[in-house]
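Each chain is listed here by its residues.
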Amino acid sequence: MKIDSHVDKVQRLAALRARLHPLADFELWYWTTLTAGTNMLNATLHASGLTSDDPVFSTIPGVHLVRQGDGSYARELRGPGDVSHVGWPPIKGDVPASVRRLEALLHGIEEHRDPCLRGDRAPTAAIVEECEHAFAEAMSIYQQAVAAARSGL
Amino acid sequence: MKAEGHRGRAERIERSLALLGERDWEMKIEAAMLAGTHWANYALHCRGVTPEAEDIVHTSMLVVNMLRKYSIVEGELLNELAEIEELRPLYVRGDLPDGARAADRALQLLRSVGQRALRAASTP
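Nothing here was measured: the structure is a model prediction, and the numbers come from that model. (Residues numbered from 1 in each chain as written. Chains lettered and ligands numbered in written order. Predicted model: local features only at pLDDT ≥ 70, side-chain atom pairs only at ≥ 80, totals over all residues.)

### Considering the overall build of chain B
Logical step 1: A count of helices and strands for chain B gives four helices and zero strands.
Logical step 2: Listed N to C, the secondary structure of chain B is α-α-α-α in terms of helices and strands.
Logical step 3: Relative to the compact-globule value of 14 Å for 124 residues, chain B shows a C-alpha radius of gyration of 14 Å, a close match.
Logical step 4: Once the C-alpha set of chain B is aligned to its principal axes, its extents read approximately 40 × 30 × 20 Å.
Logical step 5: Counting the 124 residues in chain B, one finds 46% classified as buried.
Logical step 6: Residue pairs in contact within chain B that sit at least 24 positions apart in sequence constitute 75% of those at least 6 positions apart. (Helix = DSSP H or I, 4+ residues; strand = E, 2+ residues; numbered from the N terminus. Rg over C-alpha atoms; globule rule 2.2 N^0.38 Å. Buried ≥ 20, exposed ≤ 12 C-beta atoms within 10 Å, placed from the backbone. Contact = placed C-beta atoms within 7 Å.)

### Quick look at the pairing of strand β3 (residues 73-77) of chain A
Walk down a regular strand and you will see the side chains alternate between the two sheet faces.
Residues and elements named next belong to chain A.
Logical step 1: With zero of its five residues buried, β3 lies for the most part at the surface.
Logical step 2: Of the pairings in the sheet, the one linking strand β2 (residues 63-67) to β3 comprises five bridges and is antiparallel in character. Across the sheet, Val63 pairs through a bridge with Leu77, a residue of β3.
Logical step 3: In this structure, the hairpin formed by β2 and β3 is closed by a connection of five residues, where Gly71 is found at a positive phi of approximately 95°. (Pairing = 2+ DSSP bridges.)

### With respect to the sheet that holds β3 of chain A
All names here are of chain A.
Logical step 1: Ordered in space as β1-β2-β3, the three strands form an open sheet in which the pairing is antiparallel. The open sheet has two free edges, formed respectively by β1 (57-58) and β3, since each of these has just one partner strand.
Logical step 2: Relative to β2, β1 runs antiparallel, the two sharing two bridges. Each bridged residue has a counterpart across the sheet, and for Phe57 the counterpart in β2 is Leu65.

### Quick word on the environment of Ser52 of chain A
Residues and elements named next belong to chain A.
Logical step 1: Position of Ser52 among the secondary structure elements: in the loop between α2 (26-47) and β1.
Logical step 2: The class for Ser52 is partly exposed, based on 16 C-beta atoms found within 10 Å.
Logical step 3: For Ser52, the residues in contact, after removing those within four places along its chain, are Gly79, Pro80 and Gly81.

### Remarks on the confidence of the model for chain B
Keep in mind that low pLDDT regions are not for reading the predicted coordinates in detail.
Logical step 1: For chain B, the mean per-residue pLDDT works out to 94, and 100% of the residues sit at or above 70.
Logical step 2: Interface confidence for the predicted complex, given as ipTM, is 0.95, next to a pTM of 0.95. (pLDDT = per-residue confidence, 0-100.)

### So, the interface of chain B and chain A
Logical step 1: Taken together, the 22 residues of chain B in the interface contact 25 residues of chain A.
Logical step 2: Listed by contribution, the elements that provide at least two residues to the side of chain B that touches chain A are α1 (3-16), α2 (25-46) and α3 (64-92) of chain B.
Logical step 3: Of the residues that constitute the side of chain B that touches chain A, the class distribution is 10 nonpolar, three polar and nine charged. (Nonpolar A, V, L, I, M, F, W, Y, C, P; charged D, E, K, R; others polar.)

### Section: the nonpolar core
Logical step 1: Among the nonpolar cores identified, the biggest contains 65 residues, and Ile29, Ala32, Ala43, Ile84 and Ala106 of chain B are the most heavily contacted of them.
Logical step 2: Only α1 (3-19), α2, α3 (97-110) and α5 (125-150) of chain A together with α1, α2, α3 and α4 (99-121) of chain B provide two or more residues apiece to this core.
Logical step 3: Ranked by residue count, the leading element in this core is α2 of chain B, at 14 residues.
Logical step 4: The contact partners of Ala43 of chain B, leaving out residues within four places of it in the chain, are Glu74, Leu77, Arg116, Ala117 and Ala120 of chain B. (Core = buried A, V, L, I, M, F, W, Y, C linked by C-beta atoms within 7 Å.)

### Quick look at the packing of α3 of chain A against α5 of chain A
Residues and elements named next belong to chain A.
Logical step 1: It is the contact of α3 with α5, at a shortest axis distance of 9 Å, that shows an interaxial angle of 155°. Classified by the angle between their axes, α3 and α5 sit roughly antiparallel to one another. Between α3 and α5 lies a crossing of left-handed hand. Here Ser98, Arg101, Leu102, Leu105, Leu106, Gly108 and Ile109 of α3 come into contact with α5, specifically with Glu130, Cys131, Ala134, Glu137, Ala138, Ile141 and Tyr142. (Axes fitted to C-alpha atoms, helices over the stretch in contact; angles between N-to-C directions. Parallel < 35°, antiparallel > 145°, perpendicular 65-115°, else oblique. Left-handed = near helix turned anticlockwise from the far one by under 90°.)

### A short note on α2 of chain A
Residue and element names in this part refer to chain A.
Logical step 1: Compared with an ideal rise of 1.5 Å per residue, which puts 22 residues at 32 Å, α2 spans 31 Å between its outermost C-alpha atoms and is within 8% of the ideal.
Logical step 2: Taking burial as the measure, the 22 residues of α2 include 22 buried ones, the bulk of the element.
Logical step 3: In the stretch just after α2, Gly49 is the one whose phi turns positive, near 75°. (Expected span 1.5 Å × (residues − 1).)

### Details of unusual backbone geometry
Logical step 1: For the peptide bond that leads from Trp88 of chain A to Pro89 of chain A, omega is 5°, which places it in the cis range.
Logical step 2: Topologically, Pro89 of chain A is positioned in the loop between β3 and α3.
Logical step 3: Positive phi is not limited to glycine here, since Asp98 of chain B has a value of about 70°.
Logical step 4: With respect to the helices, strands and loops of the structure, Asp98 of chain B is situated in the loop between α3 and α4.
Logical step 5: Given 12 C-beta atoms within a 10 Å radius, Asp98 of chain B is considered exposed.

Rendered as structure tokens:
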């Protein structure tokens, strides 16, 4: 998907995140954080030239939804494009340290997904704080990558 | 997770939905998926088809034979959940126009899924 579309999603998701209470609305606050983070990663990967920004949409690794001649969408096997989650699929090759750092931050957020959303672990202020710090640093890396790409650096 | 735990999570997500607006279609669809999956697990646990230790996460990730088994008792509910799931690549991970309309459809499906789950719980 194009960088501009990722940027639009990040902006709207970040605004929504601020309206949700991190503990009272934990499920949606967390999932909004995660979804914004994945869009930051995809925009950064495109801006760094590591993945394609073709207007096709990710499903499981290696399979994207692609617009057909009649306007419908169908699943096709494709090379590296958007990832649906960090590490799914992994990005191989010569990856800049800042992108690896972004991946590590998102992996840190992802660690709370199954225990807190699908298991019985109660979300805590410490988990929220950890996610907040990771999100803020991830946002900074993403913004620098997109700004550099737009200025032609 | 225990059946009542799933119901509690689904109801909490539905309460949080009230804070979402017209431009939040991605999270409306994701909320429908998250809450709908909790409702599906609630229904399957209440009907005794799955034990507490056997939760579904996505209909698309299920082994075909398990989906067939669960569909014997909750086929319509699982079809509705699958329809919500099909909206995700197009409108959450994709940028098709009419996201708000897709979100309305997801929430309509969620309401139906929840109603079916509550009926399942009251079925002897």
